[in-house]
Amino acid sequence: MIDVKKIRKDFPILERQVNGYPLVYFDNAATSQTPVQVIDTIVDYYKNYNANIHRGVHSLSQEATDAYEAARQKIQSHFNAAHPYEIIFTSGTTHSINIIASGYSELLKAGDELLVSALEHHSNIVPWQMLCERTGAILKVIPMDEQGVLILDELDKLLSDKTKLVFVNHVSNALGTVNPIAEIIEKVHAVGAEVLVDGAQASPHIQADVQSLNVDYYVTSAHKLCGPTGVGMLFGKQVALEKLPPYQGGGEMIAEVTFEKTTYAGLPHKFEAGTPNISGVIAFGAALDYMNSIGMENIAAYEEELLVHGTKELMKIPGLKIYGEAAHKTAVISFNVGAIHPYDIGSILDKMGIAVRTGHHCAQPIMDFYKIPGTVRASFSFYNTFEEIDLMVVALKKAITMLQ
Amino acid sequence: METIKAVQNDIIEEFSMFDDWMQRYEYMIELGKSLPLIASKFKSDDYIIKGCQSKVWVHADLQGTKLIFTADSDAIITKGIIAILIRAYSNQHPDEILNANNDFIDKIGLKEHLSPTRANGLVSMIKQMKMYALAFKTQLN
């Protein structure tokens, strides 16, 4: 069970007013809010042990290095990776994806095939299009149905010995659909290809176990999980990461340097060139501690209740259509009301202190599929309440009256 | 003919009669609904400004020494602001348009819609209107 009143006290931002109304924050799928426990971790680092890591013999550097590596172990244990060095710290999901895309550019030849799901976010489409332009590989799309669910029979038809890599998000950012990644991974491995799963939308709600999923790469961002922006994770199986060439040259990623030749460091340093976001990584660890102290299962169960309540209340509004009706979805409701433009609804809700996302959610292919300019998206987190959902419904009705 | 500045001052005065944001928005939505539509031949991809949030179409015609703007948007609030901008800038000499600024939007409490982060196409629309003014000014000279 979740004590929402107590939890809300951990989030100072939830106290504030916006445009004269109490803030109702329903843009959690874009970024989650940050609890004091995480904020304090960042402050503590800069106040007490700010130093560069992995290269100082002095005490501060040692303390910072220990805290940084302890965060790696927390993340390893949260996602159940086999080894700490299978966790690479990045600046976020997009960076993680680009490391793999860049590495793959040396592994692909013309005619090889990559598959992407129709539910992808732009950051999971564009790097692969660029990769295909460079290598002559071909990008194919796994289609979805009206409910926003991937059609796995079509995946079977697309898979062949030409397939090298399949990338799919664990949860769709625009619709909230939870994809059957375990099944997809099994099918893809059967043709000898690798799978990259974008876990950015899933990780706040679902604790992925990378070993039991047997996934090759799993990526996410700390700021979706109550952590700071500018930090993310690339999990890769040791064999997968070892065959990828380094992404950037610089300090930290080398073993030995002469003007004739440089040998690269092993994992994870091979992919962590330069001074990383040390405080951010430590705070990422603190954010997982915080979420685990509440319990991922408790979080998921409570968010499911919010989703059911929100769906039920919104469906009472005449003309409201929800996009993404998969049986298995996270606490995301993407909707439109009649022919009213999402921008108009979002602008008026903002005037009443309610933060929702409007637009195409960086997933234009999905909007094209439904032939709509975008949607209004309300995404809930474990610190949201039923009362906040009711406030949104009242505000939405007011907006509809004004706009019709 | 009133100058752009005078029209802007009229608009500021009109908006000062409203007590709260809701009245301002209701008025703006009314303006949006009454905006004379752009001719359908100009509502094409050649005249489109794609924002992340809403789309805007804008077209200009020179009549004598004055520029006449017509425009449209798929979002009604964006359209309301377009109506206000057209009221200020249409039927004016290109020089006047090039020298005008948009501070009045701030004064009527609608500044957030002209923020580049809103990505609703309005910032680009104003830029486009100035580009038209520049192009027609060259033609007039």
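Residues numbered from 1 in each chain as written. Chains lettered and ligands numbered in written order. Predicted model: local features only at pLDDT ≥ 70, side-chain atom pairs only at ≥ 80, totals over all residues.

With respect to the overall build of chain A
For step 1, the next point in the chain: Looking only at helices and strands, one finds 14 helices and 17 strands in chain A.
For step 2, the next point in the chain: Relative to the globule expectation of 22 Å for 404 residues, the C-alpha radius of gyration of chain A, 22 Å, shows essentially globular dimensions.
For step 3, the next point in the chain: Along the three orthogonal principal directions, the C-alpha set of chain A runs to about 70 × 55 × 35 Å.
For step 4, the next point in the chain: Classification of the 404 residues of chain A by burial places 48% in the buried group. (Helix = DSSP H or I, 4+ residues; strand = E, 2+ residues; numbered from the N terminus. Rg over C-alpha atoms; globule rule 2.2 N^0.38 Å. Buried ≥ 20, exposed ≤ 12 C-beta atoms within 10 Å, placed from the backbone.)

A closer look at helix H14 (residues 386-403) of chain A
Residues and elements named next belong to chain A.
For step 1, the next point in the chain: In this model H14 runs 26 Å from its N-terminal to its C-terminal C-alpha over 18 residues, within 8% of the 26 Å that 1.5 Å per residue would give.
For step 2, the next point in the chain: Those residues of H14 that sit buried are Glu388, Ile389, Met392, Ala395, Leu396, Ala399 and Leu403. Considered in projection along H14, the buried side chains sweep an arc of 125° and stay on one side of the axis. Facing away from the buried side of H14, by more than 90 degrees, are the exposed residues Glu387, Val394 and Thr401. (Expected span 1.5 Å × (residues − 1). Arc of directions from axis to C-beta.)

Things to note about unusual backbone geometry
All names here are of chain A.
For step 1, the next point in the chain: Between Leu267 and Pro268 the backbone carries a cis peptide bond, its omega angle lying at 0°.
For step 2, the next point in the chain: Tracing the chain through its elements places Pro268 in the loop between strand S12 (262-264) and helix H10 (278-294).
For step 3, the next point in the chain: Even without a glycine there, the phi angle at Asn19 is positive, about 50°.

Things to note about the environment of Tyr46 of chain A
All names here are of chain A.
For step 1, the next point in the chain: Relative to the assigned elements, Tyr46 resides in helix H2 (residues 36-49).
For step 2, the next point in the chain: Take Tyr46: there are 10 C-beta atoms within 10 Å of it, and that puts it in the exposed class.
For step 3, the next point in the chain: Spatially, the C-alpha atom of Tyr46 lies 38 Å from that of Phe386, the residues being 340 residues apart in sequence.

Brief notes about the domain arrangement of chain A
Residue and element names in this part refer to chain A.
For step 1, the next point in the chain: On domain assignment, one finds that chain A holds domain 1 (4-30 + 296-403) and domain 2 (39-292).
For step 2, the next point in the chain: On a C-alpha basis, the centres of domain 1 and domain 2 stand 28 Å from each other.
For step 3, the next point in the chain: Listed as interface residues are 22 residues of domain 1 and, on the opposing side, 23 residues of domain 2.
For step 4, the next point in the chain: Counting only elements with at least two residues in the side of domain 1 that touches domain 2, the list comes to helix H11 (296-315), strand S14 (332-337) and helix H13 (364-370).
For step 5, the next point in the chain: The greatest single-element share of the side of domain 1 that touches domain 2, amounting to 4 residues, is contributed by H11.
For step 6, the next point in the chain: Tallied by class, residues from the side of domain 1 that touches domain 2 come to 13 nonpolar, 6 polar and 3 charged. (Domains from an automatic or database assignment. Contact = placed C-beta atoms within 7 Å. Nonpolar A, V, L, I, M, F, W, Y, C, P; charged D, E, K, R; others polar.)

Observations concerning the interface of chain A and chain B
It is common to give the size of an interface as the accessible area lost on bringing the parts into contact.
For step 1, the next point in the chain: Residue-level contacts link 12 residues of chain A with 13 residues of chain B.
For step 2, the next point in the chain: Secondary structure elements with two or more residues in the side of chain A that touches chain B: helix H12 (342-351), strand S16 (357-359) and H14 of chain A.
For step 3, the next point in the chain: Considering every element that reaches the side of chain A that touches chain B, the biggest residue donor is H12 of chain A, with 5 residues.
For step 4, the next point in the chain: Each residue belonging to the side of chain A that touches chain B can be placed in one class, and the counts come to 5 nonpolar, 5 polar and 2 charged.

Points about the sheet that holds strand S10 (residues 232-236) of chain A
All names here are of chain A.
For step 1, the next point in the chain: With mixed pairing, 7 strands are arranged side by side in an open sheet as S4-S10-S9-S8-S7-S5-S6. The open sheet terminates on both sides in strands that have one partner only, identified here as strand S4 (87-90) and strand S6 (138-142). Each strand of the sheet is rotated relative to its neighbour by a mean of 20°, with strand direction disregarded.
For step 2, the next point in the chain: Here strand S5 (residues 113-117) runs beside strand S7 (residues 163-169); their pairing, made up of 4 bridges, is parallel. When the bridges of S7 are listed, Leu115 appears paired with Val166.
For step 3, the next point in the chain: Helix H3 (residues 59-79) contacts S4, strand S9 (217-221) and S10 of the sheet and is inclined by roughly 120° relative to S4. (Pairing = 2+ DSSP bridges. Axes fitted to C-alpha atoms, helices over the stretch in contact; angles between N-to-C directions.)

Some words on the sheet that holds strand S2 (residues 55-63) of chain B
Residues and elements named next belong to chain B.
For step 1, the next point in the chain: Taken in spatial order, the 3 strands of this open sheet run S1-S2-S3, and their pairing is antiparallel. Each edge of the open sheet is held by one strand with a lone partner, namely strand S1 (48-50) and strand S3 (66-73). Between one strand axis and the next, the sheet turns by 25° as a mean value, whatever way the strands run.
For step 2, the next point in the chain: Pairing analysis gives 3 bridges linking S1 to S2, with the strands arranged antiparallel. Looking across to S2, one finds that Lys50 is bridged to Lys55.
For step 3, the next point in the chain: Across the sheet, helix H3 (residues 76-89) lies against S2 and S3, angled at about 175° from S3, the strand it touches most.
For step 4, the next point in the chain: On the sheet, helix H6 (residues 122-140) packs against S1, S2 and S3 and is oriented at approximately 20° with respect to S2.

Section: the packing of H12 of chain A against H3 of chain B
For step 1, the next point in the chain: At their nearest, the axes of H12 of chain A and H3 of chain B sit 7 Å apart, and the two run at 85° to each other. Relative to H3 of chain B, H12 of chain A is oriented roughly perpendicular. For the pair H12 of chain A and H3 of chain B, the contacting residues are Tyr343, Asp344 and Ser347 of chain A in the first and Ile76, Ile77 and Thr78 of chain B in the second.
For step 2, the next point in the chain: For the contact of H12 of chain A with H3 of chain B, a count of residues per class yields 3 nonpolar, 2 polar and 1 charged. (Parallel < 35°, antiparallel > 145°, perpendicular 65-115°, else oblique.)

Some points on the pairing of S2 of chain B
Residues and elements named next belong to chain B.
For step 1, the next point in the chain: When S2 meets S3, the two strands line up antiparallel, connected through 8 bridges. The residue of S3 that forms the bridge with Ala60 is Phe69.
For step 2, the next point in the chain: Between the antiparallel neighbours S2 and S3 lie 2 residues, among them Gly64 with a positive phi of about 70°.

What to know about the environment of Leu244 of chain A
Residue and element names in this part refer to chain A.
For step 1, the next point in the chain: By the secondary structure assignment, Leu244 is in the loop between helix H9 (238-243) and strand S11 (254-257).
For step 2, the next point in the chain: Overall, the presence of 19 C-beta atoms within 10 Å leaves Leu244 in the partly exposed class.
For step 3, the next point in the chain: The sequence separation of Leu244 and Ile99 amounts to 145 residues, and the corresponding C-alpha distance is 8.8 Å.
For step 4, the next point in the chain: Those residues in contact with Leu244 that sit more than four places away from it in its chain are Ile100 and Gly103.

Some details on the pairing of S4 of chain A
All names here are of chain A.
For step 1, the next point in the chain: The alternating pattern of S4 places Ile87 and Phe89 on one face and Ile88 and Thr90 on the opposite face, and all of these are buried.
For step 2, the next point in the chain: As paired strands, S4 and S10 are joined by 4 bridges and run antiparallel to one another. Bridge assignment links Phe89 to a residue of S10, and that residue is Met233.

A short note on the packing of helix H4 (residues 93-104) of chain A against helix H5 (residues 126-135) of chain A
For any two helices packed against each other, the geometry is given by the interaxial angle and the distance between the axes.
Residues and elements named next belong to chain A.
For step 1, the next point in the chain: At their nearest, the axes of H4 and H5 sit 10 Å apart, and the two run at 10° to each other. As summarised for this structure, H4 and H5 are arranged roughly parallel, according to the angle between their axes. You can see that H4 and H5 cross each other, and the crossing is right-handed. Contact residues: Ile97, Asn98, Ala101 and Tyr104 in H4; Pro127, Trp128 and Leu131 in H5. (Left-handed = near helix turned anticlockwise from the far one by under 90°.)

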